[in-house]
Amino acid sequence: MKFQDNQRQLCGKNEHLVGGGRFLRRGDLVYCRNVSVGACAFVNTEERCAMGQDVCRIRSLNENQRFLNFLLHSEFMGTQLKQVLIGSTFNRINVAEIKSLLVLVPPRIEQDEIVELLDAKMRELDAPIDAVQREIRLMTEFRTRVVADIVTGKLDVRAVTACLPDDVEEAAPIDATELIAGDGDEDDDLDAEPEEAVA
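The notes below deal with the structure included here. Note that the coordinates shown come from a computational prediction; the quantities given were computed from them, not determined experimentally.

Some remarks on the packing of helix α2 (residues 65-72) against helix α5 (residues 108-152)
Reasoning step 1: As a packed pair, α2 and α5 sit with axes 9 Å apart at the nearest point and diverge in direction by 65°. You can see that α2 and α5 cross each other, and the crossing is left-handed. Judged by residue contacts, R66, F67 and F70 of α2 engage Q111, I114, V115, L118 and D119 from α5.
Reasoning step 2: In terms of residue class, the contact of α2 with α5 is built from five nonpolar, one polar and two charged.

The following block contains the structure:
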């Protein structure tokens, strides 16, 4: 109850930040226009929040916002951003430049189909990642349990070590220069995530 009261007071103090309807709602896109230019996120919550001056809201009335989110993360948009940012001393784009970016707009039914296909592909990619993360959590829990059992005396280390083989093959040393050396083909650009742009 106290947390909710504090949250209401905080929202009241910052109400001017969302004046004139400048608040985010489910389905909006938040587009970064400073430093990490081009980073974009889809709003999937009903929680009220305000935007800072380094981002803008993109809200289309008729198009699939999730399609637009995928498009804004595409190489097609990345190429346009590079052209806009040529000669800039630091990465920044204004709302007028965002509005001037070319956007591919197939029929709405095609947008929906593309989003469904991309969602399915993303789930395929996420499945092995989720499985590995689950294994890591289980191994971490197991390690914590073993350490606790050893410390409390529930597990006799002498009995466990007696079961280990006498001869253990040593792994060959790794040459660190082989790990550091590369062929130079790696992509060094790993950066993909209050004003308003209306598509």
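Still to come is the rest of the account.
Side note on α5
Reasoning step 1: Between its first and last C-alpha atoms α5 spans 63 Å; for 45 residues at 1.5 Å apiece the expected length is 66 Å, and the two agree.
Reasoning step 2: Where α5 bends most, the angle comes to about 30°, and this point is D126, followed within four residues by the proline P128.
Reasoning step 3: Those residues of α5 lying buried are Q111, V115, D119 and D149.
Reasoning step 4: Immediately beyond the C-terminal end of α5, within one or two residues, lies G153, with a positive phi of roughly 85°.

Looking at the pairing of strand β3 (residues 55-58)
Reasoning step 1: Here β3 shows a buried face lined by V55 and R57 and a second buried face lined by C56 and I58.
Reasoning step 2: In this structure, strand β1 (residues 29-32) lies alongside β3, joined through four bridges in antiparallel fashion. Bridging across to β3, L29 finds its partner in I58.

So, how was this worked out
Residues numbered from 1 in each chain as written. Predicted model: local features only at pLDDT ≥ 70, side-chain atom pairs only at ≥ 80, totals over all residues. Heavy atoms only, no water. Axes fitted to C-alpha atoms, helices over the stretch in contact; angles between N-to-C directions. Helix = DSSP H or I, 4+ residues; strand = E, 2+ residues; numbered from the N terminus. Left-handed = near helix turned anticlockwise from the far one by under 90°. Contact = heavy atoms within 4.5 Å. Nonpolar A, V, L, I, M, F, W, Y, C, P; charged D, E, K, R; others polar. Expected span 1.5 Å × (residues − 1). Bend = angle between axes of the 7 residues up to and from the residue. Buried < 20%, exposed > 50% of the residue type's maximum accessible area, 1.4 Å probe, protein only. Pairing = 2+ DSSP bridges.

As far as function goes, none of this settles anything; it's purely spatial.
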